[in-house]
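Survey of secondary and tertiary structure
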Amino acid sequence: MRPSLPRQPFIVRLACAFGVRGWQMAGLFLAFALIAVPVMHLVVPPESPLHLSTYFITLTGKILCYAIVAVAMDLIWGYGGILSLGHGLFFALGGYAFGMYLMRQIGRDGSYQSDLPDFMVFLDWPELPWFWLGSDSILWVALLVLVVPALIAFIFGYFAFRSRIKGVYFSIITQALTYASMLLFFRNETGFGGNNGFTDFKRILGFSITAPETRVVLFALSALALVATLLLARYLVTSRFGRVLTAIRDAEARVMFIGYDPLWYKLFVWTLSALLCALAGALYVPQVGIINPSEMSVANSIEIAIWVAVGGRGTLIGPVLGAFLVNLAKSWFTVSFPEYWLFFLGTLFIVATLYLPQGVIGLYARLRAGRQRPPGNPTVGAASGAQPS
């Protein structure tokens, strides 16, 4: 009997998930994000053409957070076959949880010079609600950022997947959940600022939130979080778990017949995806300076699916590219032609669905394969159709 090889430690298997080329690309990206960007923003003088503006840091940091959400969506849609139209909820919940900490950091520097957040003073709240207790602690808030969205996703996913709700029905239910949550957060009595949400942040960990150094640190953390998300996602989809997950996506009934329970595989990747979205939301809020219920809008959740579709489902790096392409286009359109942005977005989704089913990554792969095919090489069909002499 052939002896079995010893199982490698988890950290080794995790590091091997990227491969040599993957680590090379990640190294180049991190060198740019952690070294080049801080130098070009903090050291290079503003009049130099090599200087990176605050606008660039904020915009790119925001899109890095969106890219994390896109990878999270790709895990459940590209590899699990679960299309969610409610991931904006988990993104916003992470943002609101961290926004509570940022609001407490304002202290008496607010408009009403009170220990309570300004919106609570305006609404005549006598004291902090019970769920705000401990929100001045970064460790407690970090726990809230991860636990609350994950718990909501777990409870929702358990009942949905146990009832075998799938396809368009699951998408509609997630859309309804997000819309109901948005309406709830719009109400002033919920204690989350109503339609204005949280804004006017001053400090984070005692440092000015608008200081260039703080913005660079938040940018770097977003870049590190994106690489870590890609590494974890790559490890999962190339593992035995990932193979079972894709089998559930392609033929769930057959997977059940051979003894696997799809419930726990789908529930795990669904909960993990929600947790990653919440992490992205927590990094997003201090960089853009505001969080309000509009982040839970159905349109935002649909836009997340468009990022993945445009970049290429089931590729991990494709959704990152899609998030950058769509949001850079959005930044330009909403300034130059704001009234046409939604028309462009809808057209882009239709074109991607009909003519680019594998997204930009799939188009690149086809073009590259076409260039590498030797000229004059007969195709398989021509060779099989040739008649013997």
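To keep things clear, this report deals only with the structure shown in the data block. Predicted model only: the values in this text are computed from it and were never measured. (Residues numbered from 1 in each chain as written. Predicted model: local features only at pLDDT ≥ 70, side-chain atom pairs only at ≥ 80, totals over all residues. Heavy atoms only, no water.)

A few points about the overall build of the protein
Assigned secondary structure in the protein consists of 15 helices and four strands. Expected size for 389 residues packed as a compact globule is a radius of gyration near 21 Å; at 23 Å, the protein falls within 12% of this value. Reported as C-alpha extents along the three principal axes, the dimensions of the protein are approximately 95 × 60 × 55 Å. Evaluated residue by residue, the protein yields a buried proportion of 46% over its 389 residues. Put simply, 77% of the contacts in the protein that link residues at least 6 apart link residues at least 24 apart. Accessible surface, the protein as shown: approximately 20,600 Å² in total, 67% of it carbon and sulfur. If the 26 positive side-chain charges of the protein are averaged to one point and the 17 negative ones to another, these points end up 20 Å apart. (Helix = DSSP H or I, 4+ residues; strand = E, 2+ residues; numbered from the N terminus. Rg over C-alpha atoms; globule rule 2.2 N^0.38 Å. Buried < 20%, exposed > 50% of the residue type's maximum accessible area, 1.4 Å probe, protein only. Contact = heavy atoms within 4.5 Å. Areas by Shrake-Rupley, 256 points an atom, 1.4 Å probe, with all protein chains shown as cover. Lys, Arg positive; Asp, Glu negative; His and termini not counted. Charge placed at Lys NZ, Arg CZ, Asp CG, Glu CD.)

Some thoughts on the layout of surface pockets
Taken as a whole, the largest pocket encloses approximately 1,200 Å³ of empty space. What lines the largest pocket is a set of 33 residues, and nearest its centre among them are Met-25, Leu-230, Ile-317, Val-320 and Ile-361. Counting residues per element, the ones that place at least two in the lining of the largest pocket are α2 (19-43), α3 (54-77), α8 (212-238), α12 (317-336) and α14 (359-372). Here the element with the most residues in the lining of the largest pocket is α2; it accounts for seven residues. (1 Å grid on protein atoms, 1.4 Å probe; cavity = no way out; pocket = protein on both sides within 12 Å on 5 of 7 lines; lining within 4 Å. Points joined across faces, edges and corners; volume = space filled by probe spheres on them.)

Describing the packing of helix α11 (residues 298-311) against α12
Direction vectors running N to C along α11 and α12 enclose 120°, while the axes themselves pass 7 Å from each other. The handedness of the crossing between α11 and α12 is right-handed. Here α11 contributes Glu-303, Trp-307, Val-308, Val-310 and Gly-311 to the contact with α12, which in turn contributes Gly-318, Pro-319, Gly-322, Ala-323, Val-326, Asn-327 and Lys-330. Residue classes in the contact of α11 with α12 are distributed as six nonpolar, four polar and two charged. (Axes fitted to C-alpha atoms, helices over the stretch in contact; angles between N-to-C directions. Left-handed = near helix turned anticlockwise from the far one by under 90°. Nonpolar A, V, L, I, M, F, W, Y, C, P; charged D, E, K, R; others polar.)

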